[in-house]
Structure formats: structure tokens, C-alpha cells
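Descriptive structure summary
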Amino acid sequence: MDPAADLAQLLRPVRWPVPTEAEALADGALAFGLGLLAALAVYGLLRLFLARRAAPGAAMLAELAASRGLAPAERLLAQARIAGRLRCAAEIRGRLKAALYLPESGIDLAETDAALDAAIRAAPSRRAA
């Protein structure tokens, strides 16, 4: 017989101390807290991917509405900025560019507002592609 095997059989089995009620309660509270923390982390990650996003043109429509209360020169500049971000508003951009460099051109700001509003609403969204 192997003497090491005999020695291993002679050793007493390892006995862990029986946890007290307070230790068991503390362990349970720790496990519960870690579970809540993990659930909060998963919720935070899922919220990043599942959150509703505003429509692509919503910010431009809000900016256009905010520009209506500006002075005519500032309103014209705001309209030009909005038209510059629209890919499909080449005609509007041309009219605004001419009005920016020739202030006496007499551009109708309300008409340009309506044309920009229609162009923003008609612009294809990026999700449809």
C-alpha cells in the first residue's frame, strides 16, 4: 500500500463552521444587492439600444420654428443654415445664398419658411435606406 494514501485516509475530513443566522442573513443581503446591481447594469445597457430617438427632421423643424421670432437678417441666416444641412433643398439654398449677398433682393421669409418646412418633412429618413 501507498503510505501517502494511508495518511490521507487518517486525516479528518474538513468541516466548515456552520454559519450563524446573522451571517446567513448578511450573505443573503449581499447576494440580493449584487443581483440588483447587475439588473441595473443590464437595464442601463438595454436602455441605450432600445430608447426612442427623435425623428431626423425634428431638430431642424424646432430650429426653424425658433427662427420665426428673430430679426429678418438673423432669420435669413438661420434659414440658410437649415437649408445647408438639407441635401434636397438646392433651389432654396440658391435663393437664400442670393438673398444673403444681396440684402435688397426682397426674399419672402415666410415663403422660404414654408418651403423649408416642406423640404424637411419630405426629406428621406436615414432608417428607410
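Residues numbered from 1 in each chain as written. Predicted model: local features only at pLDDT ≥ 70, side-chain atom pairs only at ≥ 80, totals over all residues. Heavy atoms only, no water.

1. Some remarks on the overall build of the chain
Definition in use: Numbering of helices and strands runs from the N terminus; a helix is a DSSP stretch of H or I covering at least four residues, while a strand is a stretch of E covering at least two. Surface accessibility follows the Shrake-Rupley procedure with a 1.4 Å probe radius. Residue values consider only the protein chains on display as shielding. Note on charges: Lys and Arg go in the positive column, Asp and Glu in the negative column, and His and the chain ends are not counted at all. Think of each charge as sitting on NZ of Lys, CZ of Arg, CG of Asp or CD of Glu.
Each helix and strand counted, the chain has six helices and zero strands in total. For the chain, the accessible area works out to roughly 10,400 Å², and carbon and sulfur atoms hold 65% of it. On the chain, the mean spot of the 16 positive side-chain charges and the mean spot of the 13 negative ones are 8 Å from each other.

2. A few points about helix α3 (residues 58-67)
Where we set the bar: Summary of the burial criterion: residues with accessible area below 20% of their type's maximum are buried, those above 50% are exposed, and those between are partly exposed, where the area comes from a 1.4 Å probe applied to protein chains only. Working note: the arc is built from the helix axis to C-beta atom directions. We call two residues in contact when some of their heavy atoms are within 4.5 Å.
Restricting attention to buried positions, one finds in α3 the residues Met 60, Leu 64 and Ser 67. Projection of α3 onto a plane perpendicular to its axis shows the buried side chains occupying an angular sector of 60°, all on one side. Facing away from the buried side of α3, by more than 90 degrees, are the exposed residues Ala 59 and Ala 66. The elements touched by buried residues of α3 are α4 (72-85) and α6 (109-122).

3. A few points about the side chain of Asp 113
Here Asp 113 shows up in helix α6. Apart from the residues within four sequence positions on either side, Asp 113 is in contact with Leu 64, Ser 67, Arg 68, Arg 75 and Gln 79.

4. Thoughts on the packing of α4 against helix α5 (residues 90-101)
Put simply, the rule is: Axis geometry follows a simple rule: fit a line to the C-alpha atoms, using only the stretch in contact for helices, then measure angles between N-to-C directions, giving values from 0 to 180 degrees. In a left-handed crossing the near helix is turned counterclockwise from the far helix by less than a right angle, and in a right-handed crossing that turn is clockwise. We call Asp, Glu, Lys and Arg charged. Ala, Val, Leu, Ile, Met, Phe, Trp, Tyr, Cys and Pro are nonpolar, and the rest, Gly among them, are polar.
Two elements in contact, α4 and α5, have axes separated by 10 Å at closest approach and are oriented at 145°. Crossing angle aside, the handedness with which α4 passes α5 is left-handed. In this structure, α4 uses Leu 76, Leu 77, Gln 79, Ala 80, Ala 83 and Gly 84 to contact α5, whose residues at the interface are Ile 92, Arg 93, Leu 96, Ala 99 and Leu 100. By residue class, the composition of the contact of α4 with α5 is eight nonpolar, two polar and one charged.

5. A short note on the nonpolar core
Quick note on the threshold: Only buried residues count toward a nonpolar core, which is a set of Ala, Val, Leu, Ile, Met, Phe, Trp, Tyr and Cys residues joined through side-chain atoms within 4.5 Å.
Ranked by size, the top nonpolar core spans 14 residues in total, and within it Ile 82, Leu 86, Ile 92, Leu 116 and Ile 120 carry the most contacts. Elements supplying a minimum of two residues to this core: α3, α4, α5 and α6. The element contributing the most residues to this core is α6, with four residues. In this structure Leu 86 touches Met 60, Arg 93, Leu 116, Ala 119, Ile 120 and Ala 123, once residues within four positions along its chain are discounted.

6. Brief notes about α5
The cut-off we apply is this: Multiplying one less than the number of residues by 1.5 Å gives the expected span of a helix.
Here α5 contains 12 residues, and its C-alpha end-to-end distance of 17 Å stays within 8% of the 16 Å for a straight helix at 1.5 Å per residue. All buried positions along α5 are accounted for by Ile 92, Leu 96 and Ala 99. Mapping the buried residues of α5 onto a view down its axis gives an arc of 60°, with all of them on the same face. Residues of α5 that are exposed and point more than 90 degrees away from the buried face comprise Glu 91, Lys 97 and Tyr 101. As for α5, its buried residues are in contact with α4 and α6.

7. What about a nonpolar patch on the surface?
This is how the line gets drawn: Each patch is built from residues that are more than 30% exposed by relative accessible area and take part in no salt bridge. Like charges join if they lie within 9 Å; nonpolar side chains (Val, Leu, Ile, Met, Phe, Trp, Tyr) join within 5 Å. The salt bridge criterion pairs a side-chain nitrogen of Lys or Arg with a carboxyl oxygen of Asp or Glu, the two atoms within 4 Å.
Together, Val 42, Leu 45, Leu 46, Leu 48, Phe 49 and Leu 50 give the surface a local cluster of nonpolar side chains, amounting to about 680 Å² of exposed area. Assignment of secondary structure puts Leu 46 in helix α2 (residues 21-50).

8. Here's the deal with the confidence of the model for the chain
Basically, it comes down to this: Note on scores: pLDDT gives the predictor's confidence for each residue, bounded by 0 and 100.
When pLDDT is averaged along the chain, the result is 84; 95% of the residues meet or exceed 70. Predicted confidence in the chain is weakest over helix α1 (residues 3-10), with a mean pLDDT of 75, and strongest over α2, with 94.

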